[in-house]
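Per-entry structural report
Spelled out from the first residue to the last, the chains are:
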Amino acid sequence: MTGSPSPPTPPRGVVVSGTDTAVGKTVVAAALARCWADAGHDVVYVKPVQSGVADGDDDAATVRSLTGLTAVCGPRIDPAVAPAVGARLAGRQLTRTQLLAAPTAAAADQPGAVLVVEGAGGLLVELGTDGTTVVDVAAALQFPVVVVARPGLGTLNHTTLTVEALAARGVALAGLVVCGYPPDPDLATRTNLAELDRLSPCGLSGVVPRLDLAGVPRLGRCCGWFAPELGGVWDRSEGLAVAHEDP
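My aim in this report is to walk through the structure given alongside it, one point at a time. (Residues numbered from 1 in each chain as written. Predicted model: local features only at pLDDT ≥ 70, side-chain atom pairs only at ≥ 80, totals over all residues. Heavy atoms only, no water.)

With that out of the way, let us pick up unusual backbone geometry. Non-glycine residue A22 carries a positive phi angle of around 55°. Accessibility expressed as a relative area gives 64% for A22, which makes it exposed. The phi angle at Q142 is positive, at roughly 60°, despite the residue not being glycine. Classification of Q142 by relative accessible area gives exposed; the value is 67%. (Buried < 20%, exposed > 50% of the residue type's maximum accessible area, 1.4 Å probe, protein only.)

Below, the structure is given as structure tokens:
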């Protein structure tokens, strides 16, 4: 009797980026980390730079709380603006070397661990005052990118632009994940999943439901949210069919 096939070995690391700000990157990063950890892998979450500290933003603390896993952070910037802008406002220099310090140290401290590195905003947001962007960090680390997209109207254009920007820079796409899928999707939202699956070179790689993080002290098993290429068991064809059904 043949057992179920083993899930693919995860990459050394991924960079989680988005089609925009506030699309659910931190939720997806936490869920991916939890999924790979549940499969028996060592996982470390890394935030190369955190802005919005003055407003209480702390993505590493959020991921640590949601997953119970190791989560580390690089330089911290007070204003809730793009990190490079915040650094300039504070009269600080923020270089590519500084941005790569946290993931490089995490890889050295836990050899063999999967690194889940979360960017800020979209691919071309400048993290460093030297012009280093999110996609530059991915290229320097040689990590593929998980793109997080909104489920609703407008996401097709934003996602296509993001995927094309990755391809133009020769950075691999690890997967496309929709985050915040509502329990009562409208027509655009229901049809967007199939369209995103068609437009993405690797197809759609997962759907994360809308979550009230205030009511979720710790994520449970997340493997049902991601396709096998991201370590999960989500069935693409079944998931697309169910999402497209009329309510």
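Bringing the layout of surface pockets into the picture now. In this structure, the largest pocket encloses a volume near 490 Å³. Of all the secondary structure elements, the ones that give two or more residues to the lining of the largest pocket are helix 1 (25-38), helix 2 (59-67) and strand 4 (114-122). Looking at the lining of the largest pocket element by element, the count peaks at four residues for strand 4. Split into classes, the residues belonging to the lining of the largest pocket amount to eleven nonpolar, eight polar and five charged. (1 Å grid on protein atoms, 1.4 Å probe; cavity = no way out; pocket = protein on both sides within 12 Å on 5 of 7 lines; lining within 4 Å. Points joined across faces, edges and corners; volume = space filled by probe spheres on them. Helix = DSSP H or I, 4+ residues; strand = E, 2+ residues; numbered from the N terminus. Nonpolar A, V, L, I, M, F, W, Y, C, P; charged D, E, K, R; others polar.)

Strand order in this open sheet of seven strands is 3-2-4-1-5-6-7, and the pairing throughout is parallel. If you trace the sheet from one side to the other, it starts and ends with strand 3 (70-73) and strand 7 (204-209), each paired once. Along the sheet, successive strands turn relative to each other by an average axial angle of 25°, direction set aside. Sheet topology places strand 2 (residues 43-47) next to strand 4; four bridges connect them, and they run parallel. Looking at the pairing, V46 lines up with V117 of strand 4. Packed on one face of the sheet, helix 1 meets strand 1 (13-18), strand 2, strand 4, strand 5 (145-149), strand 6 (173-181) and strand 7 and runs near 170° to strand 4. (Pairing = 2+ DSSP bridges. Axes fitted to C-alpha atoms, helices over the stretch in contact; angles between N-to-C directions. Contact = heavy atoms within 4.5 Å.)

Considering the arrangement of structural elements, one finds F226 in the loop between strand 7 and helix 8 (236-244). The spacing of F226 and T162 is 64 residues in sequence and 20 Å in space, taken between C-alpha atoms. Apart from the residues within four sequence positions on either side, F226 is in contact with V28, A31, L32, C35, V177, S205, G206, V208, G232, V233 and W234.

Let us look at helix 4 (residues 96-109). Residues that lie three or four places apart on an α-helix share one face, since the helix turns once every 3.6 residues. With 14 residues, helix 4 extends 20 Å between its outermost C-alpha atoms, agreeing within 8% with the 20 Å of an ideal straight helix rising 1.5 Å per residue. The sharpest bend along helix 4 comes to roughly 35°, located at A102, with the proline P103 sitting one to four residues further on. Turning to helix 4, its buried residues are L99, L100, A102, P103 and A106. (Expected span 1.5 Å × (residues − 1). Bend = angle between axes of the 7 residues up to and from the residue.)

Residue placement: D59 occurs in helix 2. For D59, the side chain forms a polar contact with the side chain of K47, separated by 2.8 Å. Those residues in contact with D59, other than ones at most four positions away along the chain, are T26, Y45, K47, Q50 and E118. (Polar contact = N/O pair within 3.5 Å; in protein donor to acceptor, adjacent residues only side chain to side chain.)

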